[in-house]
Amino acid sequence: MAYTIQALAEAIGGVAHGSIDLTITGAAEPAAARADDIALAMRPAFADTLKTGAARAAILWDDADWQAYGLEAAILVSRPRLAMARLTERFDRGQGYTLGIDRSAMIESSATIGSDTSVGPMTYIAANVQIGDNCLIGPQCYIGDGVVLGDGAVIHAGVRILARVRIGARFRASPGVVVGADGHSFVTPEESAVEQARATLGTEVTAKAQSWQRIHSLGSVIIGDDVELGANTTVDAGTIRPTEIGDGCKIDNLCQIGHNVRLGHDCLFSAQTGVAGSTVIGNNVILGGQVGVSDNITVGDNVVVGGGSKLLSKVPAGRVMLGYPATKMDQNLEIYRLQRRLPRLFEQVAALQKAVFKTGDKD
Amino acid sequence: MAYTIQALAEAIGGVAHGSIDLTITGAAEPAAARADDIALAMRPAFADTLKTGAARAAILWDDADWQAYGLEAAILVSRPRLAMARLTERFDRGQGYTLGIDRSAMIESSATIGSDTSVGPMTYIAANVQIGDNCLIGPQCYIGDGVVLGDGAVIHAGVRILARVRIGARFRASPGVVVGADGHSFVTPEESAVEQARATLGTEVTAKAQSWQRIHSLGSVIIGDDVELGANTTVDAGTIRPTEIGDGCKIDNLCQIGHNVRLGHDCLFSAQTGVAGSTVIGNNVILGGQVGVSDNITVGDNVVVGGGSKLLSKVPAGRVMLGYPATKMDQNLEIYRLQRRLPRLFEQVAALQKAVFKTGDKD
Amino acid sequence: MAYTIQALAEAIGGVAHGSIDLTITGAAEPAAARADDIALAMRPAFADTLKTGAARAAILWDDADWQAYGLEAAILVSRPRLAMARLTERFDRGQGYTLGIDRSAMIESSATIGSDTSVGPMTYIAANVQIGDNCLIGPQCYIGDGVVLGDGAVIHAGVRILARVRIGARFRASPGVVVGADGHSFVTPEESAVEQARATLGTEVTAKAQSWQRIHSLGSVIIGDDVELGANTTVDAGTIRPTEIGDGCKIDNLCQIGHNVRLGHDCLFSAQTGVAGSTVIGNNVILGGQVGVSDNITVGDNVVVGGGSKLLSKVPAGRVMLGYPATKMDQNLEIYRLQRRLPRLFEQVAALQKAVFKTGDKD
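Residue numbers restart at each chain and count upward from 1, following the sequence in its written direction. For this description, chains carry letters from A and ligands carry numbers from 1, given in the order in which they are written. Only residues with pLDDT of at least 70 are given local features in this predicted model, and only at 80 or more are side-chain atom pairs given and counted; all residues enter the totals for whole chains, interfaces and linings. Here the side-chain values reflect all heavy atoms present in the structure, with hydrogen atoms and water set aside.

Student: Explain the relation of the copies chain C and chain B residue by residue, including any values.
Tutor: A least-squares superposition brings the copies together, and it is based on the C-alpha atoms of residues with pLDDT no lower than 70 in both. Once chain C is rotated about the relating axis by 120° and shifted along it by 0.0 Å, it coincides with chain B to within an RMSD of 0.1 Å. Taken together, the rotation and translation describe the operation of a three-fold axis.

And the structure:
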């Protein structure tokens, strides 16, 4: 991978300056850059370390005085992270997965595989599977009975997609992803302790232990275009209708999407986040790491939720939420601030009691 | 899979009405139902959408006026979710895993495999394994040295069961489950920072960094009958004696059961829940999603814990818990309610100070 | 595995007493011990159950009156857990993984495998991999392009190490570990809702939904010596430079280490803990279970964090933290204590208002 400064500037949407024919073969942080790397110095603090490295060219912010850093060439960009997206795409060397259909892959005869699609070593593709064109299926994957997978997918090593899951174009799944496993849905013959606890808000639980009967998951999963799932993330099958993940959703590692959940388009979930069964989440919803969303609630469009928050009830569109239980972020931060002042408040009230009632708090 | 209304009513414990010989080939939500589906309309809100779909028969609640919905036949049920369990079991098409012993499976000669048990492609079964009858072992699984697995197991693709784990009848494991990996148990040569922090409740930590020495896990895992483990869930081996999971426990995806933990029977854990090492949990305990249970504590029978809660100390039997740290649910909800009123309380105290002491709060 | 009491005492750093030539073939809890086991009775409560079992020898605390328990021999130890580490190492029977290079393993011709290294069934080793001596690579693993793995590694079944990851000596990875998958790093063409929420602390979010553009992960992962990763734990690749895990870190199951994270040496993380992107963590940091650490913060050396805590901002060295948001543990426990007294505080303020202003709280 080699680019001139000029070509790279065009590719990443920046403006080339200086020796625009200089050839670049990689990208690096300023201090670690070699002579043929382009240094990533989108902020002044990074640019200050340029002289520690050997870069002759760098990417800087849009009004940077690039010559002041002793560079031969520069690309100035107005939205650095967007430039990063385009740049890193150009320099991504990928996993080097085997191309073509590996001899050790097992593909049932009723499966159809699109053109220019690769299937890695020891991957198993079940009956009635339909895989599109230009897909890269890594090694040791399992693609279950009747799965439909669109064009341009990148399925990393050890992904498991279970029966009848349907997935759109340009799907990316990191290793260990599981899509379409059974939902966690059980019922007891008689009313259970958890049903009683919910009904009474916890004041009365008299239920005896009973065996849990499985409600089977017949609904599988349907996933839109441009969806990405992180390593070891799990998406459960729906009970009757499919669990749904809308176009453009990007879900990080170790997340859980429960049965019957519906996600709108362009949601962004950080690692270890979980959405419980039958909850409906709108478009462009952003959940931080380790967020939990209760079952059977709705979360409106454009909601943003801070890391670690637990959403226990319905959230209207556009709200920014934080905490456990999650409330509006500004309200939550105010409560946190006041909590830290509680010791003083208790003292003040004790002093008031003494003054008013001529008595201390015996508590 | 085709059933008459009469046969289906008997199977699910409901009462058939109308054209009881009508043949049904699937189940669907009312609006999506085709002519040969039975529509699932256990609540009036669902029944109202029956006319959007093409169903001629539906399952409704026990005193529903089924004819008012223009149906030819109906099954009325008194406990809808229990009917769902029985219905979905009948219509489950399964994963379509290869039956028989696949030619690409590797089975060590000292392993014994029961009758009518299938072993999927590229699964490895180690020495001294004993597998019961009527099991379905999916593809790409690993069954380790000396594992004992009872009759009727369903082991999905990519499950790893490590050495000497013993499992009862009718075990179900979703893809990516790991049972019997090493526990997380380490010790430093001298007293460590965490030991000091526990001993002093955090007031003094002077320990220097030291290397962690592994305490190996010799105890493996013992699992009862009718246990289910969700996708990518992990159960660690015990140190000296086995980690134990009682009969009938149902554990969702991405859960962690630490070394030496003992679970009673019929526990139900939602996704991303973790139980730390050496904790003992009673029977019929229900943990919501993302619950955490500290190490070395006991949780009594029939405890119910709301999603996101962290149990930091012993919980008596029958209690309903919520929060971090978890307290009794009603106490917790009261504290949450008062927290939201803190801003006003601070104002009130400031006003009182002004009135009583003729001074504002300088804080 | 058979040891005399004398040999075992030397191995675990204890002092042998009584019949020091007695031969021991296993270790057990006192009540479950057979005649040839050594009973683990490091605390009086355990020793009291010695007579329930059949052990003739036991390990006890350093001033125990071992003869009072009717034993023929004893080993007295001053730091029981350290003795446990040494003892369990001696009696660990391991997984029994296939030794040598299994015929069903696939190893690309450009890979180099050290001496006395085993590669298990159906494991795939990609091009340009370098594996050291005395490694045990289990079945069904994936070692990606250009990975460098040091001497003495134990890689359990189903581990995935992606391209260009570099790992030191004595690495241990439990089943399902994923190292080097793509980081969760995305950008929108225009300013996104989450950027707005951060900038305004949540008071204003007007951003429209936009598609997320992937920032590719070029930096892979570098891991030091003596690192252990628990089952299904994930470590993401860095964006430009590697994600780094220092020597001696021990990370439990289902943990997430985000892209660009740097961990110092000898950190100990319990299960389901997550560290978000670009955060820097010092040496000897101990995180309890389900801890979350925000992105782009620093955590100093020797910090200890209680289970379930969420670190939302920078933490100085040596601090003991608890809660969500995490604060100093003693401060946090005081706030929890006061929260439980809030109902009484509200009553007291109401009484004061009545007394001072001759009015009740109308709120």
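And the narrative resumes.
Student: How would you summarise the interface of chain C and chain B if you had to cite specific residues and measurements?
Tutor: A common measure of how large an interface is: the accessible area buried when the components associate. Residues are treated as being in contact if the distance between any of their heavy atoms lies within 4.5 Å. On the chain B side, the residues contacting the 79 residues of chain C number 80 residues. Summed over both partners, the accessible area (1.4 Å probe) lost when two parts come together is defined as the buried area. Summing both sides of the interface, chain C and chain B together bury roughly 6300 Å²; the carbon and sulfur share of this comes to 61%. When the buried area of chain C at its contact with chain B is split by residue, Arg 79, Gln 95 and Phe 346 of chain C rank highest and sum to 10% of it. When a carboxyl oxygen of Asp or Glu is within 4 Å of a side-chain nitrogen of Lys or Arg, the pair counts as a salt bridge. The tally of links between chain C and chain B comes to three salt bridges. We note a salt bridge from Arg 172 of chain C to Asp 182 of chain B, for which the minimum N-O separation is 2.9 Å. As used in this structure description, the phrase polar contact means that two N or O atoms lie within 3.5 Å; if the pair is within protein, one of them must be able to donate a hydrogen and the other to accept it, and residues adjacent in sequence are counted only when both atoms belong to side chains. Run the count over chain C and chain B and you get 32 residue pairs in polar contact (both at pLDDT 80 or more). Residue assignment for the side of chain C that touches chain B shows that the elements contributing at least two residues are strand S4 (26-28), helix H3 (80-91), strand S27 (250-251), strand S30 (268-269), strand S38 (320-323), helix H5 (329-340) and helix H6 (342-357) of chain C. Helix and strand definitions follow DSSP, with helices as H or I runs of at least four residues and strands as E runs of at least two, each counted in order from the N terminus.

Student: Run through the pairing of strand S38 (residues 320-323) of chain A, naming residues and quoting values.
Tutor: All names here are of chain A. When strand S36 (residues 304-305) meets S38, the two strands line up parallel, connected through two bridges. From the neighbouring strand, Val 305 faces S38, where its bridge partner is Met 321. What makes two strands pair is DSSP finding at least two bridges between them. Bridge count for S38 against strand S39 (residues 326-328) is three bridges, and the pairing is antiparallel. Paired with Gly 323 across the two strands is Ala 326, which belongs to S39.

Student: Outline the sheet that holds strand S23 (residues 221-223) of chain C, listing residues and values.
Tutor: Residue and element names in this part refer to chain C. Overall, parallel pairing links the nine strands, which are arranged S9-S12-S15-S18-S23-S26-S29-S32-S35 in an open sheet. Strand pairing shows two members of the sheet lacking a second neighbour, strand S9 (112-113) and strand S35 (298-299), which therefore form its edges. Relative to S23, strand S18 (residues 166-167) runs parallel, the two sharing two bridges. Looking across to S23, one finds that Ile 167 is bridged to Ile 223.

Student: Kindly report on the interface of chain B and chain A, identifying the contributing residues and their values.
Tutor: Residue-level contacts link 79 residues of chain B with 80 residues of chain A. Buried area between chain B and chain A, both sides added, is near 6300 Å², and the carbon and sulfur share of it is 61%. It is Arg 79, Gln 95 and Phe 346 of chain B in chain B that bury the most area against chain A; as a group they hold 10% of the surface buried on that side. If you look at where chain B meets chain A, you find three salt bridges. Here Arg 214 of chain A and Glu 228 of chain B are joined by a salt bridge, their closest N and O atoms 2.4 Å apart. Across the chain B-chain A interface, the total number found is 32 residue pairs in polar contact (both at pLDDT 80 or more).

Student: So, the pairing of strand S20 (residues 178-181) of chain A: which residues are in play, and what are the values?
Tutor: Residue and element names in this part refer to chain A. For strand S17 (residues 160-161) and S20, the ladder comprises two bridges, and the chain directions are parallel. Bridge assignment links Arg 160 to a residue of S20, and that residue is Val 178. Here three bridges tie S20 to strand S25 (residues 234-236), and the two strands are oriented parallel to one another. Across the sheet, residue Val 179 finds its bridge partner in S25, namely Val 235.

Student: Explain the relation of the copies chain B and chain A to me, using residue names and the numbers behind them.
Tutor: Laying chain B over chain A is done by rotating through 120° and shifting 0.0 Å along the axis; what remains is an RMSD of 0.1 Å. An overlap of only 19% is found between the interface residues of chain B and their copies at the interface of chain A, pointing to separate contact surfaces.

Student: Any details on the packing of aromatic side chains? Residues and values, ideally.
Tutor: Aromatic rings from Phe, Tyr and Trp, taking only the six-membered ring of Trp, are treated as a pair when their centres fall within 6.5 Å; an angle between ring planes under 30 degrees marks them as stacked, one over 60 as edge-to-face, and anything in between as tilted. Considering all chains together, one arrives at 15 aromatic pairs over all chains under this definition. Where Tyr 3 of chain B meets Phe 91 of chain B, the ring centres are 5.3 Å apart and the plane angle is 80°; that geometry is what we call edge-to-face. Within this pair, whereas Tyr 3 of chain B is found in strand S1 (residues 3-4), its partner Phe 91 of chain B is found in helix H3 (residues 80-91), the two being separated by 88 residues in sequence. Residue burial is assigned from relative accessible area. The probe radius is 1.4 Å, only protein chains are included, and a residue is buried under 20% of its type maximum, exposed over 50%, and partly exposed in between. Residue class for Tyr 3 of chain B comes out partly exposed when judged on its relative accessible area of 22%. Judged by its relative accessible area of 6%, Phe 91 of chain B falls in the buried class. Aromatic ring contacts, followed pair by pair, group Tyr 97 of chain A together with Tyr 124 and Tyr 142 of chain C into a single cluster.

Student: Quick rundown of the sheet that holds strand S6 (residues 57-61) of chain C? Include the residues and the values.
Tutor: Adjacent strands of a sheet pair through backbone hydrogen bonds, lying either parallel or antiparallel. Residue and element names in this part refer to chain C. The mixed open sheet is built from five strands, whose spatial order is S2-S7-S6-S5-S4. Edge positions in the sheet fall to strand S2 (15-18) and S4, since each has one partner strand and no second. The sheet shows a mean angle of 25° between the axes of neighbouring strands, taken without regard to direction. The pairing of S4 with strand S5 (residues 37-41) spans three bridges and is parallel. Looking at the pairing, Gly 26 lines up with Asp 37 of S5. Packing of helix H1 (residues 5-12) onto the sheet brings it into contact with S2, S5, S6 and strand S7 (73-77), and relative to S7 it is tilted by some 10°. Angular values range over 0 to 180 degrees, each being the angle between N-to-C directions of two axes fitted as lines to C-alpha atoms, with helices fitted over their stretch in contact.

Student: So what's going on with the packing of H1 of chain C against H3 of chain C? Residues and values would help.
Tutor: Residue and element names in this part refer to chain C. H3 packs onto H1 with a crossing angle of 125° between their chain directions and a minimal axis gap of 8 Å. In terms of their interaxial angle, H1 and H3 are classed as oblique. Between H1 and H3 lies a crossing whose hand is right-handed. Taken together, the residues of H3 that come into contact with H1 (itself represented by Leu 8, Ala 11 and Ile 12) are Ala 83, Arg 86, Leu 87, Arg 90 and Phe 91. As a working rule, the residues Ala, Val, Leu, Ile, Met, Phe, Trp, Tyr, Cys and Pro are called nonpolar, Asp, Glu, Lys and Arg charged, and the rest polar, with Gly in that last group. Split into classes, the residues belonging to the contact of H1 with H3 amount to six nonpolar, no polar and two charged. Here roughly perpendicular refers to angles of 65 to 115 degrees, roughly parallel to angles under 35, roughly antiparallel to angles over 145, and oblique to all remaining angles. A crossing counts as left-handed when the near helix is turned anticlockwise from the far one by less than a right angle, and as right-handed when that turn is clockwise.

Student: Break down the domain arrangement of chain A for me, with residues and values.
Tutor: Each domain of chain A was delimited in the assignment, giving domain 1 (3-91) and domain 2 (328-362). Taken over C-alpha atoms, the centre of domain 1 of chain A sits 55 Å from the centre of domain 2 of chain A. Domain limits in this description derive from either an automatic procedure or a database domain assignment.

Student: Pulling in residues and values, what's your account of helix H1 (residues 5-12) of chain A?
Tutor: Residue and element names in this part refer to chain A. Of the residues making up H1, those classed as buried are Ile 5, Leu 8, Ala 9, Ala 11 and Ile 12. Angularly, the buried residues of H1 cover 165° about the axis, an arc narrow enough to put them on a single face. Just past H1, the residue Gly 13 takes up positive phi, approximately 75°. This arc describes the spread of directions from the helix axis toward the C-beta atoms.

Student: Break down the environment of Gln 256 of chain C for me, with residues and values.
Tutor: The residue Gln 256 of chain C is located in strand S28 (residues 256-257) in this model. Residues Gln 256 of chain C and His 17 of chain C, 239 residues apart in the sequence, show an inter-C-alpha distance of 47 Å. The residues touching Gln 256 of chain C, leaving out its near neighbours within four places in the chain, are Asp 252, Asn 253, Leu 254, Ala 271 and Gln 272 of chain A together with Thr 234, Asp 236, Thr 273, Gly 274 and Val 275 of chain C. At 2.8 Å, the side chain of Gln 256 of chain C and the side chain of Asn 253 of chain A are in polar contact.

Student: For the nonpolar core, give the residues involved together with the corresponding values.
Tutor: The nonpolar core is taken to be a set of buried Ala, Val, Leu, Ile, Met, Phe, Trp, Tyr and Cys residues, with the residues joined through side-chain atoms within 4.5 Å. Formed by 180 residues in total, the largest nonpolar core has its most connected members in Phe 171 of chain A, Phe 171 of chain B together with Phe 171 of chain C. Leu 268, Val 320 and Met 329 of chain A together with Ile 286 of chain B belong to the second-largest nonpolar core, a separate cluster that totals 36 residues.

Student: Can you tell me about the environment of Leu 71 of chain B, naming the residues and giving the values?
Tutor: Residues and elements named next belong to chain B. The topology assignment puts Leu 71 in the loop between strand S6 (57-61) and strand S7 (73-77). Taking the relative accessible area as the measure of exposure, Leu 71 reaches 9% and is therefore buried. With 17 residues separating them in the primary sequence, Leu 71 and Thr 88 have C-alpha atoms 21 Å apart. Residue contacts for Leu 71: discarding those within four places in its chain leaves Leu 50, Ala 55, Arg 56, Ala 57, Ala 58, Leu 60 and Trp 66.

Student: If you had to explain the pattern of salt bridges to someone new, which residues and values would you point to?
Tutor: When charged atoms on two side chains of opposite charge get close, those side chains can pair. Overall, the coordinates contain 39 salt bridges over all chains when judged by the stated rule. Arg 214 of chain A serves as the salt-bridge partner of Asp 182 of chain A, at 3.7 Å between the closest nitrogen and oxygen. Of this pair, Asp 182 of chain A sits in the loop between S20 and strand S21 (186-187) while Arg 214 of chain A sits in strand S22 (residues 213-214), and the two are 32 residues apart along the sequence. Put simply, Arg 172, Glu 228 and Lys 250 of chain A together with Asp 182 and Arg 214 of chain C are held in one network by salt bridges that share partners.

Student: Talk me through unusual backbone geometry; I want residue IDs and the actual numbers.
Tutor: Look at the link from Tyr 324 of chain A to Pro 325 of chain A: it is a cis peptide, with omega at 0°. Here Pro 325 of chain A is to be found in the loop between S38 and S39. For Leu 254 of chain B, which is not a glycine, the phi torsion comes out positive at approximately 55°. With respect to the secondary-structure elements, Leu 254 of chain B resides in the loop between strand S27 (250-251) and strand S28 (256-257). With a relative accessible area of 3%, Leu 254 of chain B lands in the buried category. Not every positive phi belongs to a glycine, and Asn 296 of chain C is a case in point at roughly 60°. Topologically, Asn 296 of chain C is positioned in the loop between strand S34 (292-293) and S35.

Student: Let's hear about the side chain of Asp 145 of chain A: which residues, and what values?
Tutor: Relative to the elements of secondary structure, Asp 145 of chain A occurs in the loop between strand S14 (142-143) and strand S15 (148-149). With a relative accessible area of 16%, Asp 145 of chain A lands in the buried category. Here Asn 128 of chain A takes part through its side chain, which lies 3.5 Å from a polar atom of the side chain of Asp 145 of chain A. Asp 145 of chain A has contacts with Ala 126, Ala 127, Asn 128, Ala 163 and Arg 164 of chain A together with Gln 95 of chain B, leaving out every residue within four places of it along the chain.

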